[in-house]
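Tertiary structure, described
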Number of protein chains: 4
Amino acid sequence: METIAFIGLGNMGGPMALNLLNAKLSVKVYDLVDSLAKPLADAGATVCQDLQSVVEDADVVITMLPAGEHVRAVYLGSSDRQGLLTHIKQGTLIIDSSTIDPESARLVGDAAQERGIYFADAPVSGGVAGAKAGTLTFIVGGSDESFHKAQQVLQHMGKNIFHAGPTGSGQMGKICNNLMLGILMTGTCEALNLGIDNGLDPKVLSNIMLQSSGRNWALELYNPCPGVMENAPASNRYQPGFMSKLMLKDLGLGLEAATKSQSSVPMGALARNLYALHNMQGNEELDFSSLFEFYQSKANK
Amino acid sequence: METIAFIGLGNMGGPMALNLLNAKLSVKVYDLVDSLAKPLADAGATVCQDLQSVVEDADVVITMLPAGEHVRAVYLGSSDRQGLLTHIKQGTLIIDSSTIDPESARLVGDAAQERGIYFADAPVSGGVAGAKAGTLTFIVGGSDESFHKAQQVLQHMGKNIFHAGPTGSGQMGKICNNLMLGILMTGTCEALNLGIDNGLDPKVLSNIMLQSSGRNWALELYNPCPGVMENAPASNRYQPGFMSKLMLKDLGLGLEAATKSQSSVPMGALARNLYALHNMQGNEELDFSSLFEFYQSKANK
Amino acid sequence: METIAFIGLGNMGGPMALNLLNAKLSVKVYDLVDSLAKPLADAGATVCQDLQSVVEDADVVITMLPAGEHVRAVYLGSSDRQGLLTHIKQGTLIIDSSTIDPESARLVGDAAQERGIYFADAPVSGGVAGAKAGTLTFIVGGSDESFHKAQQVLQHMGKNIFHAGPTGSGQMGKICNNLMLGILMTGTCEALNLGIDNGLDPKVLSNIMLQSSGRNWALELYNPCPGVMENAPASNRYQPGFMSKLMLKDLGLGLEAATKSQSSVPMGALARNLYALHNMQGNEELDFSSLFEFYQSKANK
Amino acid sequence: METIAFIGLGNMGGPMALNLLNAKLSVKVYDLVDSLAKPLADAGATVCQDLQSVVEDADVVITMLPAGEHVRAVYLGSSDRQGLLTHIKQGTLIIDSSTIDPESARLVGDAAQERGIYFADAPVSGGVAGAKAGTLTFIVGGSDESFHKAQQVLQHMGKNIFHAGPTGSGQMGKICNNLMLGILMTGTCEALNLGIDNGLDPKVLSNIMLQSSGRNWALELYNPCPGVMENAPASNRYQPGFMSKLMLKDLGLGLEAATKSQSSVPMGALARNLYALHNMQGNEELDFSSLFEFYQSKANK
């Protein structure tokens, strides 16, 4: 039976690791913040005290970290510490499920490959709810072999598992999707607000657009106008869900990629900057559909 | 049996009137351009030589005209001609299916009501293909009574018939939907192009987004990247479909409405201006998904 | 000696009329709000009780009104009142200094010309301060003859008087200038805020840009960052000056003109929508340089 | 007498080094492309064959390189080569005049300081013409001591020398200025094109805006409409001047900085993306004022 090392036990990583345990897999865990490991220990995980010991003897290493610099530091090392790659045995599979820049993913992936270690970048979509329910979507980059190995593990944490292309493509696929999502949400807020300002009922307008060419994911599952959809964050004082600051981060990754490839992303760039303006007013921990309030006049709020 | 007067027999109006004839209704038709009436005459329509005679004895009057100024001129008159309202008998139902500014719709609707004439603004979505197939979507504004009367007629030309609210709401609903659509399409072009520029396969990326939070109408039915979707205009040299110049017009109506209601539409305004830039390069008669080419570098085209 | 009729005695019109009186000209005045005429009566103006009597025997008629619909209603009439053009004698010069859409200016100008009345559209720039000091800039549209006649009067209220072209060009010239101004101010707020967020001193940065290729009117005379320029509204709690709602109106006129001419104005449209978002938060009566606060994070404010 | 090492002899670096020679200073030069050193050798420079020998015994080291990665590689080293810092003697002054990200400048500056080497980041503005004429503007970051030392050398190559703040501030100041410039130029193209589309003469409109609140550097010195200003690149088929691809690069640096500081730069981001779209059509080597053509309809070009 395989042993899985799981590093990074936050809002997403915690429930993901729990689903591996629920699938009766052998799981070792580590997080800088000790207390985060507690619920996993209760569920049968082996809690480790440092990075090196968690990857020891692991057949699969999964990381769920905040940004590219953390992923590079953990695997490749930094000025004050050796990278984990030197401690991971040949033939191991690394799955990095963090959402980071594709360049960092490629750097780590290439270094892993040189050492005979499999690597897949596998960022997720689906939020905390999807992590808990085990219904996450994984967008995976890596060789065919890495992808097929990763699939065996990821299936316990998610529902849809896509192979986007070679190393880095998982991150790139997620970046494109979330650029699209940022545009969808911004546009949906804008269209609904325009209708309301002109006397339309947001439920009626939502229903019309849902069945017409304005249809999109936000209208279907995540209506940003309070009261239109009972279970959406908008109807629960914008409790997340997916926080505005994470949308800002993902759109920032989109702009960074576009700058590097000299691509044009005027709509994504505008959405990013509207989120930056919205977040600065103290809304960064609200659900990202709270952008709807940014569009509303003081009088209507 | 009711008599229907149909004014405006262009790309959309022609096939719409034909569907009424196919439903065995009694139809009188008129267009400034004589030749446009020919196919309808062949199908059994009574062709009239002027506006006044077409509405005479009609129980329902339908107009399908290019812009608000034409609708106002036809019904309310202009410096050199009396408006049709003075020739339409009390109790008649007017359905204006043109896509125009809500203010013009309200002006005509209010004047009709004063004379005891029912009025519904009922712009369509679904394009020429929908008009021919009788599968148009109608977004209707007007009183409950006007809406129910209109429904009886519209069902012969369309599939989804929405009641958006009082007079003018049909136009407003369409404006909001098409603002959303313009944003969706622009965003979809942008996300796909960003992926391609970074090595992703557009089919794979489209599939990923379709099953993730980037899902939207354009990805589902109208992929703008050539070769991804066999039946989309993109795979047929961007033959319309829905022309770029019509998207520019509709987004212009959105901006006009936003200016009047002091609403914020940064994303819609940007989409409008990207279409303006694209159209200026000689693309206004191409399908609106041709915006994809605007995003591509010369080298990739 | 010529008699000048002055209609519209608000923040701008009042001090403008006063400057005509200070130049010892014969001035008749009218405003819907009686009390606004008081200071002018004190300064020697003849106060009239209705529109018709104020233009009687006038050699020059000046209007300073809020929007195109008011200008059209006053000169061309409305459903319940005849237009002033029928009461103005041949050979009179009309100067409309309102800021309105060029189409309304052309409508009134053409109707005036048909009756042998001279017309010049002459919107102003320079704000209330310029109106009081008699240092306004006038951007004038009209025939050479109208322009030369208008110049004789305008010189008592302003310093720079430009002939922009035929009727309507005054409005168009002002629209272009204020679109530029809206972009300058938005960009200046953005560049300064970016520098501050990255540790630069706004005075030092302003000084650098002033002497480099970022130089512009806002940096020279109207720095939007509090404390940089002693006499700017920014250093006086954004007391206007030129109100945010007026900038929103002018940018709206720019978008309307662009929609009609199918021109692309992505930057102006974005500036308009940023002002709309800013104003909705309750800032519409603050000076337009208050947009700087829209860019600042809560923490820095 | 001091010896100056000059590394990077391209369009900018070449003429800058020549001005140092013209000032009778002792100059050693190096470039990867041998031929670029020829004109400087003719003017009296000592040509070196590698990086190490050019900095040997130099009192001042100046670099003029394309991007942050080159500057980091030269001074800090890369996987296959030691950095120059280990070869530069204590007390030497490094002036990096490249336009790069502030973070790279800070990395090099901090590493220099640790070794007792002075460092100033001193990007330039003024283009090739300014480099030749010795009228460049330098925006300098560094300690007071570094700034004063740098000033002694920079005065031979430029006219305005600003101290923007501590290390990295020179880059940040230039980034803010060029973000402003990108916005100015885009806005100026847009305002002029809107006027032309509506019948105004671009010379008349330019003159009006120059003397009104639309005044800015582009209108004053660099009018983007052909024929308005005889000496501007616009009147010389957009021969640079300052190439569109360099404006794209600088706006990209602005977005990168804004992403890191979580600042909002909607206008700068839009300008960046309009330049990306313009450049993709094959215009990247034209002067950056050629964006004017991007706004023009095919018919007007």
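As the structure is a computational prediction, the values presented were derived from the model and not from experiment.

What follows deals with the overall build of chain A. Along chain A, the regular secondary structure elements total 13 helices and 11 strands. Relative to a compact globule of 301 residues, whose C-alpha radius of gyration would be 19 Å, chain A shows 20 Å and is just as compact. Across its three principal axes, chain A shows a C-alpha extent of roughly 65 × 45 × 35 Å. Going through the 301 residues of chain A one by one, you find that 61% of them count as buried. Looking at chain A alone, contacts between residues at least 24 apart form 64% of all its contacts between residues at least 6 apart. Surface accessibility of chain A: about 10,900 Å² in total, with carbon and sulfur atoms responsible for 48%.

Let us look at the UniProt feature "domain: 6-phosphogluconate dehydrogenase NADP-binding" (unreviewed entry) in chain A. Per the UniProt annotation, the sites labelled "domain: 6-phosphogluconate dehydrogenase NADP-binding" (unreviewed entry) are residues 3-165 of chain A. Here residues 3-165 of chain A is 37% helix and 27% strand, with 27 Å between the C-alpha atoms at its ends.

A word on the UniProt feature "domain: 3-hydroxyisobutyrate dehydrogenase-like NAD-binding" (unreviewed entry) in chain A. Per the UniProt record, "domain: 3-hydroxyisobutyrate dehydrogenase-like NAD-binding" (unreviewed entry) is annotated on residues 168-294 of chain A. Helix makes up 65% of residues 168-294 of chain A and strand 0%, whereas the separation of the span's terminal C-alpha atoms amounts to 34 Å.

With that settled, the discussion passes to the relation of the copies chain D and chain B. Here chain D sits on chain B after a turn of 180° about the axis and a move of 0.0 Å along it, with an RMSD of 0.0 Å. Both copies are brought into coincidence by an operation consistent with a two-fold rotation axis. With an isologous cut-off of 70% or more, the 100% of interface residues of chain D that recur at the interface of chain B puts this contact in the isologous class.

Attention shifts here to unusual backbone geometry. Leaving glycine aside, a negative phi is the common case for residues, and trans is the common case for peptide bonds. Residue Gly241 of chain B is reached from Pro240 of chain B by a cis peptide bond, and omega for that bond is -5°. With respect to the secondary-structure elements, Gly241 of chain B resides in the loop between α10 (217-221) and α11 (244-261). The backbone of Lys24 of chain B shows a phi angle near 70°, a positive value even though the residue is not glycine. Mapped onto the fold, Lys24 of chain B is located in the loop between α1 (13-22) and β2 (26-30). Exposure remark for Lys24 of chain B: the relative accessible area of 68% places this residue in the exposed category. Despite not being glycine, Arg237 of chain C shows a phi value in the positive range, around 50°. Here Arg237 of chain C shows up in the loop between α10 (217-221) and α11 (244-261).

A few words on helix α12 (residues 266-283) of chain C. The terminal C-alpha atoms of α12 of chain C, which comprises 18 residues, lie 24 Å apart, in line with the 26 Å expected from a rise of 1.5 Å per residue. Buried residues dominate α12 of chain C, accounting for 16 of its 18 residues.

Each side of the interface is counted separately: chain B has 58 residues, and chain A has 58 residues. Interface of chain B and chain A: buried area, both sides summed, is about 4,800 Å²; carbon and sulfur atoms make up 66% of it. Counting the surface chain B buries against chain A, the share from its top three residues, Leu194, Ser213 and Met267 of chain B, is 15%. Run the count over chain B and chain A and you get 2 salt bridges. Glu220 of chain B is the salt-bridge partner of Arg215 of chain A, the closest N and O atoms lying 2.9 Å from each other. Remark: the boundary between chain B and chain A carries 16 residue pairs in polar contact (both at pLDDT 80 or more). Looking at the side of chain B that touches chain A, the elements with two or more residues in it are β10 (136-141), β11 (158-165), α8 (169-197), α9 (202-210), α10, α11 and α12 (266-283) of chain B. In terms of residues, the side of chain B that touches chain A owes the most to one element, α8 of chain B, which gives 21 residues. Partitioned by chemical class, the residues of the side of chain B that touches chain A number 29 nonpolar, 25 polar and 4 charged.

Let us look at the pattern of salt bridges. Think of it this way: side chains of opposite charge can pair up when their charged atoms draw near. In total, this model carries 28 salt bridges over all chains according to the counting rule given. Here Lys260 of chain B makes a salt bridge to Glu256 of chain B, at a shortest N to O gap of 3.4 Å. On the criterion of helical spacing, the pair formed by Lys260 of chain B and Glu256 of chain B is a turn pair, its members being 4 residues apart in helix α11. We classify Lys260 of chain B as exposed; its relative accessible area is 53%. The class of Glu256 of chain B is partly exposed, set by a relative accessible area of 32%. The salt bridge involving Glu103 of chain D is made with Lys260 of chain D; its shortest N-O contact spans 2.7 Å. Here the residue Glu103 of chain D occupies a position in helix α5 (residues 102-114), and Lys260 of chain D occupies one in helix α11 (residues 244-261), the gap between them amounting to 157 residues. Look at the salt bridges and you will find they share partners, linking Glu103, Glu256 and Lys260 of chain A into a network.

Moving on, we get to the pairing of strand β2 (residues 26-30) of chain D. Residue and element names in this part refer to chain D. Burial runs high along β2: 4 of the 5 residues are buried. Pairing geometry for strand β1 (residues 3-7) and β2, over 5 bridges, is parallel. Across the sheet, the residue bridging to Ile7 is Tyr30, located in β2. Between the parallel elements β1 and β2, the chain passes through helix α1 (residues 13-22) in a crossover that is right-handed.

With that settled, consider the domain arrangement of chain A. Residues and elements named next belong to chain A. Looking at the assigned domains, one finds that chain A contains domain 1 (3-166) and domain 2 (173-295). Put simply, the middle of domain 1 and the middle of domain 2, counted by C-alpha atoms, are 29 Å apart. Across the boundary between the two partners, domain 1 contributes 9 residues, which contact 8 residues of domain 2. Around 810 Å² of area is buried between domain 1 and domain 2 when both sides are counted, 60% of it from carbon and sulfur atoms. Between the two partners, domain 1 and domain 2, sit 1 salt bridge. Here domain 1 and domain 2 share 5 residue pairs in polar contact (both at pLDDT 80 or more) between them. Taken together, the residues that form the side of domain 1 that touches domain 2 break down as 6 nonpolar, 1 polar and 2 charged.

Residue and element names in this part refer to chain A. Together, Leu32, Val33 and Leu36 make up a nonpolar patch on the protein surface, roughly 290 Å² of accessible area in all. Positionally, Val33 belongs in the loop between β2 (26-30) and α2 (38-42). Given a relative accessible area of 43%, Val33 falls into the partly exposed group.

Turning our eyes to something else, we now look at the confidence of the model for chain A. Predicted coordinates in areas of low pLDDT are best not read in detail. Counting all residues, the mean pLDDT for chain A is 96, and 99% of those residues have values of 70 or more. Here the complex is predicted with pTM 0.95, and the ipTM for its interfaces comes to 0.95.

What follows covers the interface of chain D and chain B. Each partner contributes to the interface: chain D provides 11 residues, whereas chain B provides 11 residues. Across the chain D to chain B interface the summed buried area is about 980 Å²; carbon plus sulfur atoms make up 66%. It is Leu277, Met280 and Gln281 of chain D in chain D that bury the most area against chain B; as a group they hold 50% of the surface buried on that side. The interface formed by chain D and chain B holds 0 salt bridges in total.

Rules and cut-offs
- For every chain, the first residue of the written sequence is number 1, and numbering continues from 1 onward in sequence order.
- Think of it this way: whatever chain is written first is A, whatever ligand is written first is 1, and the rest follow in order.
- Given that this is a predicted model, residues contribute local features only at a pLDDT of at least 70 and side-chain atom pairs are listed and counted only at 80 or more, while totals for whole chains, interfaces and linings are drawn from all residues.
- Each side-chain value is worked out from all heavy atoms of the structure, with water and hydrogens disregarded.
- Each helix is a run of DSSP H or I of at least 4 residues and each strand a run of E of at least 2, with the numbering of both proceeding from the N terminus.
- This radius of gyration counts C-alpha atoms alone. The globule rule is 2.2 Å times how many residues there are, raised to the power 0.38.
- Only protein chains enter the accessibility calculation, which uses a 1.4 Å probe. A residue is then buried if its area is under 20% of the maximum for its type, exposed if over 50%, and partly exposed in between.
- In this description, contact between two residues means that some pair of their heavy atoms is separated by no more than 4.5 Å.
- What sets the accessible areas is the Shrake-Rupley method with a 1.4 Å probe; for residues, cover comes only from the shown protein chains.
- UniProt positions are given in the numbering used here, feature names are shortened, and annotations may be inferred rather than shown by experiment.
- When the copies are overlaid, the least-squares fit takes in C-alpha atoms only where the residue has pLDDT of at least 70 in both copies.
- What a helix should span is 1.5 Å times the count of its residues minus one.
- By convention, the term buried area covers the 1.4 Å-probe accessible surface removed from two parts as they join, with the contributions of both added.
- Note on definitions: salt bridges are taken to be side-chain nitrogens of Lys or Arg within 4 Å of carboxyl oxygens of Asp or Glu.
- Polar contacts, as used here, are pairs of N or O atoms within 3.5 Å; protein pairs need one atom able to donate a hydrogen and one able to accept it. Residues neighboring in sequence count only if both atoms are side-chain atoms.
- Each residue is assigned to one class: nonpolar for Ala, Val, Leu, Ile, Met, Phe, Trp, Tyr, Cys and Pro, charged for Asp, Glu, Lys and Arg, and polar for all the others, Gly among them.
- At least two bridges found by DSSP between two strands are what make those strands a pair.
- Orient the strands so they point away from the viewer; a crossover is then right-handed if the path from the first strand over the helix to the second runs clockwise.
- Where each domain begins and ends is defined by an automated method or by a domain database.
- The residues that make up patches have over 30% relative accessible area and no salt bridge, and they are joined within 9 Å when like-charged or within 5 Å when they are Val, Leu, Ile, Met, Phe, Trp or Tyr.
- A residue's pLDDT is the confidence the predictor assigns to it, expressed on a 0 to 100 scale.

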